[in-house]
Amino acid sequence: MDARLRIRESRYSRRRTSRPSTRRRWSSAAFSSTRRWTGSWPPPLPCGLATKCGSGHTVATGSPTSPLRNSATGRRVCMQVTVSGRAREQELRRAASIAELPSFELKSRAAVDWDATVLQVSRTGLCLKTPGRDYRWHPGLLHTRVEAGWTHPLVRAMALTQGDRVLDCTLGLGTDASFVALLTRVPVTGIELQPALALMAQEGLRDAGHAVRVVNADSRLLLGGLPDGSFDVVWGDPMFPVGAAVTHSLDLVRHIGSHAPLGQGWLDQARRVAKKRVVVRDTWNGTLLETMSPDKILNTMRQRPRYGIWLG
Ligand SMILES: C[S@@+](CC[C@H](N)C(=O)[O-])C[C@H]1O[C@@H](n2cnc3c(N)ncnc32)[C@H](O)[C@@H]1O
């Protein structure tokens, strides 16, 4: 971990411990004993999100039905999917089933273009291989959030209480979503536009036992199909600007995540769907919130994210 970040984080936790909250704090011990989702997997999709497709399977409303397109060039973006050298029959079957999704094409190892990004299915799970680096799902900075518990700025911005239904419109690796699910004790629904990220997040969150239902869809389209007030909080954490100083734990998201802005249409729909509030995160020196006119802005510490809040 970046040394500066480590220092900032330890300062942050010191500040938290010196100002005890009246609300319940989550110790790491409580976290480890309660972290696994014990209900059915995957947690069921909330009403309004699931539709039946032609084959009778339940799919999420707004899931991509054709390959992603590069917004600048309009060209198809198809990711290669292959298996590792020691793959068994089950990894081959999994790679083949991933390749049935619109944004993937199955390649034998010999046919793969290793200079491009490749999703590899191995005995230990999914791995995104790029020429310079391999990426796997990881919980990000979940431990620092768990340490802060109910006093974490994200929770304060959401005015979260136990039982709140939260819709995460920009899931990424699901660090925020799993933290919120731990506190609310209600499965969080997380929408991720990038298909490979959605697959990796789904596998990682499932294996780590987090109550997050992953939907591969564009939240700008999906929100339009949801009933008014169907979630208590709608959460947006759009991609930070290129060059912004963010933790290395977001390198995978930075590498393949969508940089398209959420926009005013998303905000209008989010406000309709959120019963209590919409919350959007911006970097400490970003200008996004100023262009979106929130009802209020929660500034935390210097060089820490800011949260824009729209009340329901
Ligand atoms: C900054 S990351 C979010 C990180 C996340 N909060 C976490 O805890 O890991 C933004 C993510 O939102 C996704 N995204 C961007 N626009 C989206 C959209 N319209 N619908 C769904 N996901 C979107 C990106 O692909 C990226 O993975």
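The model shown is predicted, which means the values in this text are computed figures rather than measured ones.

Peer 1: What should I look at first to understand the side chain of Asp-176 in this one?
Peer 2: As for its placement among the helices and strands, Asp-176 is situated in helix 6 (residues 175-184). Asp-176 has contacts with Arg-145, Leu-154, Asp-168, Trp-235, Asp-237 and Arg-281, leaving out every residue within four places of it along the chain.

Peer 1: Looking at this model, I keep getting lost on the pattern of salt bridges. Mind explaining?
Peer 2: Side-chain pairs of opposite charge can arise where the charged atoms are in close proximity. This structure, assessed with the given rule, holds 17 salt bridges. The salt bridge involving Asp-232 is made with Arg-165; its shortest N-O contact spans 3.2 Å. Of this pair, Asp-232 sits in strand 13 (residues 231-236) while Arg-165 is found in the loop between helix 5 (153-158) and strand 10 (166-168), placing the two residues 67 residues apart along the sequence. Residue Asp-232 is classed as buried on the basis of its relative accessible area, which comes to 7%. A salt bridge links Arg-254 to Asp-251, with the nearest nitrogen and oxygen atoms 3.6 Å apart. Linking Arg-254 with Asp-251, this pair stays in helix 9 (residues 251-256), spanning three residues, or about one helical turn. Classification of Arg-254 by relative accessible area gives partly exposed; the value is 29%. For Asp-251, a relative accessible area of 11% translates into the label buried. Ionic contacts of the salt-bridge type, sharing partners, join the residues Arg-145, Asp-176, Asp-237 and Arg-281 into one network.

Peer 1: Would you take a moment to explain the site of the ligand for this structure?
Peer 2: Surveying the vicinity of the ligand reveals 24 residues, the closest of which are Asp-176, Glu-192, Asp-218, Asp-237 and Ser-258. Taking Leu-173, its main chain carries an N or O atom lying 3.2 Å from an oxygen atom of the ligand. The contact in question runs from an oxygen atom of the ligand to an N or O atom on the backbone of Thr-175, over 3.3 Å. Look at the ligand: alone it shows 610 Å² of surface, and the protein chains cover 99% of it. Secondary structure elements with two or more residues in the shell around the ligand: helix 6, strand 11 (188-192) and helix 8 (219-222).

Peer 1: Looking at this model, I keep getting lost on the pairing of strand 11. Mind explaining?
Peer 2: Sheet faces and side chains relate simply in a regular strand, where the side chains alternate between the two faces. Of all five residues in strand 11, five are buried, a share of seventy percent or more. The two faces of strand 11 match: Val-188, Gly-190 and Glu-192 on one face and Thr-189 and Ile-191 on the other face are all buried. Handedness of the crossover is the feature at issue here: the chain leaves strand 10, passes through helix 6, returns alongside strand 11, and the resulting connection is right-handed. Two elements, strand 11 and strand 12 (residues 212-216), share five bridges in a ladder whose sense is parallel.

Peer 1: Looking at this model, I keep getting lost on the nonpolar core. Mind explaining?
Peer 2: In globular proteins that are soluble, nonpolar side chains generally tend to be buried together. Grouped together as the largest cluster of nonpolar side chains are 52 residues, with contacts concentrated most on Leu-119, Leu-128, Met-158 and Leu-160. Among the elements that take part in this core, helix 7 (residues 195-208) stands out by supplying eight residues, more than any other. Each of domain 1 (23-49 + 138-311) and domain 2 (68-135) contributes no fewer than three residues to this core. With residues near it in sequence (within four places) discarded, Leu-119 still touches Met-79, Gln-80, Val-81, Thr-82, Ile-98, Phe-104, Leu-126, Cys-127, Leu-128, Leu-199 and Met-200. Core analysis: the next-biggest nonpolar cluster, separate from the first, contains 21 residues, Leu-223, Ala-274, Met-292 and Trp-310 among them.

Cut-offs applied
Residues numbered from 1 in each chain as written. Predicted model: local features only at pLDDT ≥ 70, side-chain atom pairs only at ≥ 80, totals over all residues. Heavy atoms only, no water. Helix = DSSP H or I, 4+ residues; strand = E, 2+ residues; numbered from the N terminus. Contact = heavy atoms within 4.5 Å. Salt bridge = Lys/Arg side-chain N within 4 Å of Asp/Glu carboxyl O. Buried < 20%, exposed > 50% of the residue type's maximum accessible area, 1.4 Å probe, protein only. Near = heavy atom within 4 Å. Polar contact = N/O pair within 3.5 Å; in protein donor to acceptor, adjacent residues only side chain to side chain. Areas by Shrake-Rupley, 256 points an atom, 1.4 Å probe, with all protein chains shown as cover. Right-handed = clockwise from strand over helix to strand, strands pointing away. Pairing = 2+ DSSP bridges. Core = buried A, V, L, I, M, F, W, Y, C linked by side-chain atoms within 4.5 Å. Domains from an automatic or database assignment.

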